Amino acid sequence: MERDLAKYWPVFVLPTVTAFAIGFLVPFAMGLYLSFCDFTTLSNATFVGLGNYVRAFEDSGGFTHALWYTALFAGVSTVLINLFGLTVALLLVRGFRGTNLFRTVFFMPNLIGGIVLGWLWQVILNYGVLARYGVTLVTSEWYGFWGLMAVMLWQQAGYMMIIYISGLQSIPGDVSEAAAIDGASAWQALRYVKLPMLMPSITICTFLTLTNGFKLFDQNLALTGGMPSNRSQLLALNIYDTFYGRAGWEGAGQAKAVVFCLIVVTIALVQLRLTRTREVQQ
Amino acid sequence: MAATQKRRHAADAALTAVFSMISLAYVFPLAMVLMNSFKRKAYISRAPFALPSGSMFVGLDNYRNGIRLTDFWASMLWSLVITVLSVALILLCTSMCAWYISRVRNRVTHGIYLLCVFSMVVPFQMVMFTLSKVANVLGLNTPWTIPVIYLGFGAGLAVFLFTGYMKACPIAIEESATIDGCSPLRTFFSIVLPILQPTLISTGILQAMWIWNDYLLPYLVLDLKRFKTIPIAVQYLRGGYGSVDMGAMMGMLVLAIAPILLFYFLCQRYIVSGVMAGAVKG
């Protein structure tokens, strides 16, 4: 069969691979090359070595600020979203009245797109909450920071909750029973039985929330647009702004994008390693 | 025994009460937007929590304004065209590609697989500039042609999910079909595709959620004078100097969210299983 099928590659593989080349491979390779070039369009690129990278880090437009601001945001949001999602999941698997409805409600915000979410929360936070204290989301970068945190918590906790619930449900009943017979308290059962068994779900959720935090763009754009004076820009928005908001900075923008890409790929590799080593242990 | 039973009932009732409160708080932002969409513009910031009664009530004025300002129905149509075409194209092409690379095993197919996995991690900012230029040159800037780009950029996740599922599928049925004289194409469409159905649904939902809500890719690629999607239309309400008609914005947010919620309540089961399937990525 394999040899029969092998001849059919133009039908089976070619469409996807062509589109993959147009949509990803070629732009990726060109982007990598252009990060070492001075350019404003694709046709006038001249090689300048590492100049763009130097410019990116010296940029007064706030790349280094965006870098630590994003890292802080991704870190804090990862902790909060997972704590909330896991707590809700642990309570919901007890199975009291209304759990299905609650699950449906908590998951719902996930389907709403980032731009719509950003505007929705801008109205609520600015008019509903902050107005009575005479401030807005763009008064300082920290209002934007915690505002964005509220949006992401609202949006993502339900997604993580779903993953944790299915992780909890896959823990075999006899393990929990054995713990109960041995006289483990609820806290001990959680700490020494459930959490270790949940490690795969925890790894996935941590990875998802961390990379989502780093890649966040739409919500950032709609909620604060990076104001005041680019101080609430996350990395993705800073890169976008470098490309399209300032003339002559395309090279530096592409260099920033490569640095950004390296960060996210590194996180992914660490996660892959963690998952693999755990698989070996089990 | 009866006492512990009773305690447990009491605890469950308390949990139901607490979670009902949290659920209300979760739905509250949506209710608030709906309420404010019927309110005169000036009152949205002045009295965000008040019911739209008396002189505050403007009927459907906000909706009329918003639809006029953003050409909303056209945007919705284009969002629909792009999402449906892209998802159909992705499901057809990537399932064929995934079957081929999981049944014909050599260095090339393994390379394709690895590149697909890699592309899932790379942030969009890395390719955004070059991709938008390439798309322009190739004329992929209309709703009818942009699905090619979505196929390219979405191929990673889809191929990954399909190959994961096929690894677990027995090869014997396909082989017996071949022995009975089926061509690879016929084997694929009458044997493999039906077996793939659960993954087709979950992959389709994941891709549809992404494409429907996507902002930056269509914003950079589409010819915006002629075509906008819903997220682009919402973001366009923000005027040149950051001034926004908040009344119109409320109306548009409601119109943007309503179809998503409808879709969610109709296909909730599939959406949750789609999320579960997507969670193993990475």
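Residues numbered from 1 in each chain as written. Chains lettered and ligands numbered in written order. Predicted model: local features only at pLDDT ≥ 70, side-chain atom pairs only at ≥ 80, totals over all residues. Heavy atoms only, no water.

With that settled, the discussion passes to the overall build of chain A. Regarding its fold elements, chain A presents 13 helices and two strands. Counting across all 282 residues of chain A, residues that qualify as buried make up 53%. Across chain A, contacts joining residues at least 24 apart in sequence account for 70% of those joining residues at least 6 apart. Taken as a whole, chain A presents about 12,300 Å² of accessible surface, with 64% of it coming from carbon and sulfur. Distance between charge centres in chain A, computed from 16 positive and 13 negative side chains, equals 6 Å. (Helix = DSSP H or I, 4+ residues; strand = E, 2+ residues; numbered from the N terminus. Buried < 20%, exposed > 50% of the residue type's maximum accessible area, 1.4 Å probe, protein only. Contact = heavy atoms within 4.5 Å. Areas by Shrake-Rupley, 256 points an atom, 1.4 Å probe, with all protein chains shown as cover. Lys, Arg positive; Asp, Glu negative; His and termini not counted. Charge placed at Lys NZ, Arg CZ, Asp CG, Glu CD.)

Turning to its location among the elements, S23 of chain B is positioned in helix α1 (residues 2-36). Take S23 of chain B: its relative accessible area is 8%, and that puts it in the buried class.

Attention shifts here to the environment of A222 of chain A. Here A222 of chain A is to be found in helix α11 (residues 218-223). The class of A222 of chain A is buried, set by a relative accessible area of 1%. As a C-alpha pair, A222 of chain A and W121 of chain A span 101 residues in sequence and 9.2 Å in three-dimensional space. Once residues lying within four places of it in the same chain are set aside, the contact partners of A222 of chain A are I115, G118, W119 and Q122 of chain A together with Q235 of chain B.

A separate point is the domain arrangement of chain A. Residue and element names in this part refer to chain A. According to the domain assignment, chain A contains domain 1 (2-52) and domain 2 (60-281). Measuring from the centre of the C-alpha atoms in domain 1 to the corresponding centre in domain 2 gives 31 Å. With nine residues of domain 1 in contact, the opposing surface of domain 2 contributes seven residues. When the area that domain 1 buries against domain 2 is broken down by residue, the three leading residues are S35, F39 and N52, summing to 58%. Counting every contact that joins domain 1 to domain 2 gives zero salt bridges. Inspection of the domain 1/domain 2 interface yields one residue pair in polar contact (both at pLDDT 80 or more). (Domains from an automatic or database assignment. Buried area = accessible area lost by both parts, 1.4 Å probe. Salt bridge = Lys/Arg side-chain N within 4 Å of Asp/Glu carboxyl O. Polar contact = N/O pair within 3.5 Å; in protein donor to acceptor, adjacent residues only side chain to side chain.)

Residue and element names in this part refer to chain B. One pass over the full model with this rule turns up 38 aromatic pairs over all chains. With a centroid separation of 5.6 Å and 40 degrees between ring planes, the pair formed by F38 and Y63 is classed as tilted. In this pair, F38 sits in the loop between α1 and α2 (41-46) while Y63 sits in helix α3 (residues 61-70), placing the two residues 25 residues apart along the sequence. A relative accessible area of 23% places F38 in the partly exposed class. (Phe/Tyr/Trp six-rings, centres within 6.5 Å; stacked < 30°, edge-to-face > 60°.)

We now examine the pattern of salt bridges. Throughout the structure, instances matching the rule amount to three salt bridges over all chains. Between R94 of chain A and D12 of chain B there is a salt bridge, and its shortest N-O distance comes to 3.1 Å. Residue R94 of chain A is located in the loop between α5 (63-92) and α6 (99-107), and its partner D12 of chain B is located in helix α1; the two belong to separate chains. Overall, the relative accessible area of 13% leaves D12 of chain B in the buried class. The partner of R226 of chain B in a salt bridge is D223 of chain B, and the shortest N-O contact between them spans 3.3 Å. Accessibility expressed as a relative area gives 54% for R226 of chain B, which makes it exposed. A residue is classified by how much of its surface remains accessible, and D223 of chain B, at 22% relative accessible area, is partly exposed.

Across the interface, helix α12 (residues 235-244) of chain A lies against helix α6 (residues 128-137) of chain B with an axial gap of 11 Å and an inter-helix angle of 50 degrees. Between α12 of chain A and α6 of chain B, the angle falls in the class oblique. Contact residues: α12 of chain A offers I239, Y240, F243 and Y244 of chain A, while α6 of chain B offers M128, F129 and S132 of chain B. The residue inventory of the contact of α12 of chain A with α6 of chain B, partitioned by class, reads six nonpolar, one polar and no charged. (Axes fitted to C-alpha atoms, helices over the stretch in contact; angles between N-to-C directions. Parallel < 35°, antiparallel > 145°, perpendicular 65-115°, else oblique. Nonpolar A, V, L, I, M, F, W, Y, C, P; charged D, E, K, R; others polar.)

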